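Report on the structure
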Amino acid sequence: MKYKYFTYSILALCLLCLGFSILLTLSASEPRPPKIDAKILRTDDLSFLKEELKGKTIVMLGESLHADGTTFSSKSEIVKYLCDTLGFNTLLFEAGLYDMKDFDPEHPEKSLWPFWAESVQLNNLWKYAKDTGIRIGGIDCQFSGDVPDSVRCQELFSLFDSYGIEYPVTQKALRRALWCMARGLLDCFSDSDTLKLMLNEMDAATAILPDGYGRMYVNGLKNTIRYQFLYGVGDDRRIHWRDSIMYENTVWHLENGNKTIIWCANMHASKEYYRNRLNKHTDYKNLGYRLHDKYGDCLYVILYDNWGRKLSEAKRPYYLPKTNSFEYALHLTYSGQELYITELNRMPPMIISRVFEAEFEFDISNMADAVVFIDIMENAKYNEETD
């Protein structure tokens, strides 16, 4: 019996040593989180932005996904602070230039994408816009509002009529083209000759129309039709074309000299686009790159990042980054917090997983002046969900 207990003890000790050895092996093989050597501030007091934004007249606010509700709330607070304290008075969305022309904060859904217009987290921003009268507009060539195709066509035709522009092909083909584009059924518009003639008419119209919403709208419309029929969804050449038009629209807005905030996705706000390193279309120049090239130090870019996401009713976050990532390192030290991270040039290139929803090694200082890090991101809530 004594030997039996002795044998069991030796066996237990061996199993313990084996388990300990496995743990050590796993620990050694697990990538270590990087060291975050940057200036880290809390966002519950935004007064530090007075110093950060000295001499800046354009601030771009990104977001990694158009469903990040906590980001919407955070960006709204920054917008209000910039307008109340630092003299900013214009807010431009990554939304249709034409659709946002007569933006009404009491009915944002008429002009703006539903994921922003109907978000509960943005209700306070619409109230603020109504109370203060800040100027709100759009920079995109895509259609973002709840405007029927028939209304779009009739207003375009009225514009052409007022300047004596002839448009026989456009009058017949435009509504069908818009219908196909809205449903992604581009193959149903198979008459390429008609498409070319319609675009030629729009080219001629932009040469006649004076600078203003009308000319910018026609220019955006014709180029949107071009790239949607030429390139599929996700093709970088399509994104490149869209950003080039958004750049033209933004510059047109900025000519009035107002201090301006631009609300858009991280991929448009970034001063360098990471996908140039992943595919053959390396000539891609996104909106942030173009604006930085033109306005230099007057531009300030803030990208948004997070460690984990969760649905509002979920107990645990999902879609977590690896342990060697920028986000994991911040989570270990600042769990549950929202941070403003600047002086990014003090950090070496490192794995960043959430800024562009792609795990890749980035030099974040080439892409942004600051990063707002939200440890746990809650998805956006919408008004019907709270009834």
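For the structure given in this document, a descriptive report is provided here. (Residues numbered from 1 in each chain as written. Predicted model: local features only at pLDDT ≥ 70, side-chain atom pairs only at ≥ 80, totals over all residues. Heavy atoms only, no water.)

**Section: the side chain of Glu-94**
By the element assignment, Glu-94 lies in strand β3 (residues 90-96). Separated by 3.4 Å, the side chains of Glu-94 and His-268 make a polar contact. When residues no more than four places from it in sequence are discounted, the contact partners of Glu-94 are His-66, Trp-113, Trp-116, Ile-139, Asp-140, Arg-242, Met-246, Trp-263, Cys-264, Ala-265 and His-268. (Helix = DSSP H or I, 4+ residues; strand = E, 2+ residues; numbered from the N terminus. Polar contact = N/O pair within 3.5 Å; in protein donor to acceptor, adjacent residues only side chain to side chain. Contact = heavy atoms within 4.5 Å.)

**Side note on the packing of aromatic side chains**
As enumerated under the stated definition, the model contains 15 aromatic pairs in all. Each ring, one from Phe-115 and one from Trp-116, has its centre 4.9 Å from the other, and the planes form 75°; the classification is edge-to-face. Residue class for Phe-115 comes out partly exposed when judged on its relative accessible area of 22%. Judged by centre distance (5.9 Å) and plane angle (50°), the ring pair of Phe-360 and Phe-362 falls under tilted. Taking the relative accessible area as the measure of exposure, Phe-362 reaches 1% and is therefore buried. Through a chain of ring-to-ring contacts, the aromatic side chains of Phe-93, Phe-103, Trp-113, Phe-115, Trp-116, Trp-126 and Trp-263 assemble into a single cluster. (Phe/Tyr/Trp six-rings, centres within 6.5 Å; stacked < 30°, edge-to-face > 60°. Buried < 20%, exposed > 50% of the residue type's maximum accessible area, 1.4 Å probe, protein only.)

**So, empty space enclosed by the protein**
Over the atoms rolls a probe the size of a water molecule, and in doing so it shows where empty space is left. According to the stated counting rule, one finds one cavity of 30 Å³ or more in the structure shown. Taken as a whole, the largest cavity spans an internal volume of roughly 60 Å³. Lining the largest cavity are 13 residues, with Leu-97, Tyr-98, Asp-140, Cys-141 and Tyr-217 positioned closest to its centre. With four residues, helix α9 (residues 213-230) is the single largest residue contributor to the lining of the largest cavity. (1 Å grid on protein atoms, 1.4 Å probe; cavity = no way out; pocket = protein on both sides within 12 Å on 5 of 7 lines; lining within 4 Å. Points joined across faces, edges and corners; volume = space filled by probe spheres on them.)

**Here we look at a nonpolar patch on the surface**
A cluster of nonpolar residues, Leu-311, Tyr-318 and Tyr-319, forms a patch on the protein surface that exposes about 290 Å² of accessible area. Inspection of the secondary structure puts Tyr-319 in the loop between β6 (299-310) and α13 (326-334). Residue classification places Tyr-319 among the partly exposed positions, given a relative accessible area of 45%. (Patch = residues over 30% accessible without salt bridge, like charges linked within 9 Å, V, L, I, M, F, W, Y side chains within 5 Å. Areas by Shrake-Rupley, 256 points an atom, 1.4 Å probe, with all protein chains shown as cover. Salt bridge = Lys/Arg side-chain N within 4 Å of Asp/Glu carboxyl O.)

**Considerations on the environment of Glu-63**
When you line up the elements, Glu-63 lands in the loop between β2 (58-61) and α3 (69-85). On the basis of relative accessibility, which here comes to 1%, the residue Glu-63 falls in the buried class. Along the primary structure Glu-63 and Ala-265 are separated by 202 residues, whereas in three dimensions their C-alpha atoms are 4.7 Å apart. Ignoring any residue separated from it by four or fewer positions in sequence, one finds Glu-63 in contact with Thr-71, Phe-72, Lys-75, Trp-116, Trp-263, Cys-264, Ala-265, Asn-266 and Tyr-304. Side-chain polar atoms of Glu-63 contact the side chain of Trp-116, separated by 3.1 Å.

**Points about the environment of Phe-356**
Relative to the elements of secondary structure, Phe-356 occurs in the loop between β8 (350-352) and β9 (360-362). Classification of Phe-356 as buried rests on a relative accessible area of 9%. Linking Phe-356 and Glu-63, residues 293 residues apart in sequence, is a C-alpha distance of 8.8 Å.

**Some details on helix α8 (residues 192-208)**
The end-to-end C-alpha distance of α8, which contains 17 residues, comes to 25 Å, matching closely the 24 Å that a straight helix rising 1.5 Å per residue would cover. Buried residues along α8 sit against α6 (149-162), α7 (168-183) and α9. (Expected span 1.5 Å × (residues − 1).)

**Looking at the packing of α6 against α7**
Relative to each other, α6 and α7 sit at 150°, their axes nearing to 10 Å. The handedness of the crossing between α6 and α7 comes out as right-handed. Residues Asp-149, Ser-150, Arg-152, Cys-153, Leu-156 and Phe-157 of α6 lie in contact with α7, whose contacting residues are Thr-170, Gln-171, Leu-174, Arg-175, Leu-178 and Trp-179. Broken down by class, the residue content of the contact of α6 with α7 amounts to six nonpolar, three polar and three charged. (Axes fitted to C-alpha atoms, helices over the stretch in contact; angles between N-to-C directions. Left-handed = near helix turned anticlockwise from the far one by under 90°. Nonpolar A, V, L, I, M, F, W, Y, C, P; charged D, E, K, R; others polar.)

**A few points about the layout of surface pockets**
Approximately 700 Å³ is the volume found for the largest pocket. In terms of lining residues, the largest pocket is bounded by 34 residues, among which Glu-94, Trp-113, Gln-142, Arg-238 and Arg-242 are the most central. Contributions of two or more residues to the lining of the largest pocket are made by α6, α7, α9, α10 (236-254) and α11 (266-269). Residues of the lining of the largest pocket, tallied by class, amount to 17 nonpolar, nine polar and eight charged.

**A look at the packing of α6 against α9**
Packed helix pairs are characterised by how far apart their axes lie and by the angle those axes make with each other. Contact geometry of α6 with α9 gives a least axis separation of 11 Å together with a crossing angle of 125°. The orientation of α6 with respect to α9, classified from their angle, is oblique. Remark: the crossing between α6 and α9 carries left-handed chirality. Within the contact between the two elements, α6 uses Arg-152, Leu-156, Leu-159 and Phe-160 and α9 uses Gly-214, Tyr-217, Val-218 and Leu-221. Among the residues making up the contact of α6 with α9, the classes are represented as six nonpolar, one polar and one charged. (Parallel < 35°, antiparallel > 145°, perpendicular 65-115°, else oblique.)

**Topic: the nonpolar core**
Side chains of a nonpolar character, in soluble globular proteins, are inclined to be buried together. Grouped together as the largest cluster of nonpolar side chains are 42 residues, with contacts concentrated most on Leu-49, Leu-82, Leu-91, Phe-93, Leu-112, Trp-263 and Ile-302. Taken together, the elements giving at least two residues each to this core come down to β2, α3, β3, α4 (114-117), α5 (123-132), β5 (260-263), β6 and β10 (370-378). Of all the elements, α3 adds the most residues to this core, at six residues. Dropping the residues within four chain positions of it, Ile-302 is found in contact with Val-59, Met-60, Leu-61, Gly-62, Tyr-340, Ala-370 and Val-372. Residues Val-251, Leu-299, Leu-344 and Phe-373 belong to the second largest nonpolar core, which totals 36 residues. (Core = buried A, V, L, I, M, F, W, Y, C linked by side-chain atoms within 4.5 Å.)

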